[in-house]
Amino acid sequence: MADRLSLNLESSLESLGEIEQAVTSFGAESGWPADLLFHVQLVLDELATNVINHGYGTSGHHFQIMIESKPQSVRVEVVDEARPFDPLKDAPQPTTDTSLEEREVGGLGVHIAKQLMDELEYRRENGKNRLTLVKNR
């Protein structure tokens, strides 16, 4: 059983496909049920998109994703060197009480992570943003 996955990714939307493929393989090797795989993939897609589009805004940068699979939980860490940004405090609150037609596109990534994951922690350390997420099995 694989228990750790580490990805070093280019700050480009093309990296989203690489993340999906790597997490799918890792989840299968680690025996994840379908709902756990879906939650981790969705959250990583949203957070990686935020790092790429809002953290860096341009290509030519890198970020890391580390995943540790344990019998009781999955721990995910997203690390980037973009400007300091605590998504748990600084991300705008999404509008969820209006119809889909009235909402602006985007703005739900952090909200989705908060809803699907069991623990979230942000810290700025050595010039890097570190967002740690835990999903209990």
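Residues numbered from 1 in each chain as written. Predicted model: local features only at pLDDT ≥ 70, side-chain atom pairs only at ≥ 80, totals over all residues. Heavy atoms only, no water.

### Digging into the packing of helix H1 (residues 15-29) against helix H2 (residues 34-56)
- Where H1 contacts H2, the two axes come as close as 10 Å, and the packing angle between them is 155°. With respect to each other, H1 and H2 are oriented roughly antiparallel. Note that H1 runs across H2; the crossing there is right-handed. Of the residues in H2, those in contact with Leu16, Ile19, Glu20, Val23 and Thr24 of H1 are Leu37, Val40, Gln41, Leu44, Asp45, Ala48, Thr49 and Ile52.
- Here the contact of H1 with H2 is built from residues that sort into eight nonpolar, three polar and two charged. (Axes fitted to C-alpha atoms, helices over the stretch in contact; angles between N-to-C directions. Helix = DSSP H or I, 4+ residues; strand = E, 2+ residues; numbered from the N terminus. Parallel < 35°, antiparallel > 145°, perpendicular 65-115°, else oblique. Left-handed = near helix turned anticlockwise from the far one by under 90°. Contact = heavy atoms within 4.5 Å. Nonpolar A, V, L, I, M, F, W, Y, C, P; charged D, E, K, R; others polar.)

### Some details on the environment of Leu42
- Among the structural elements, Leu42 can be located in helix H2.
- Taking relative accessible area as the criterion, Leu42 reaches 25% and is therefore assigned partly exposed.
- Sequence separation of Leu42 and Glu20 is 22 residues, and the distance between their C-alpha atoms is 9.1 Å.
- The contact partners of Leu42, leaving out residues within four places of it in the chain, are Ile112 and Leu116. (Buried < 20%, exposed > 50% of the residue type's maximum accessible area, 1.4 Å probe, protein only.)

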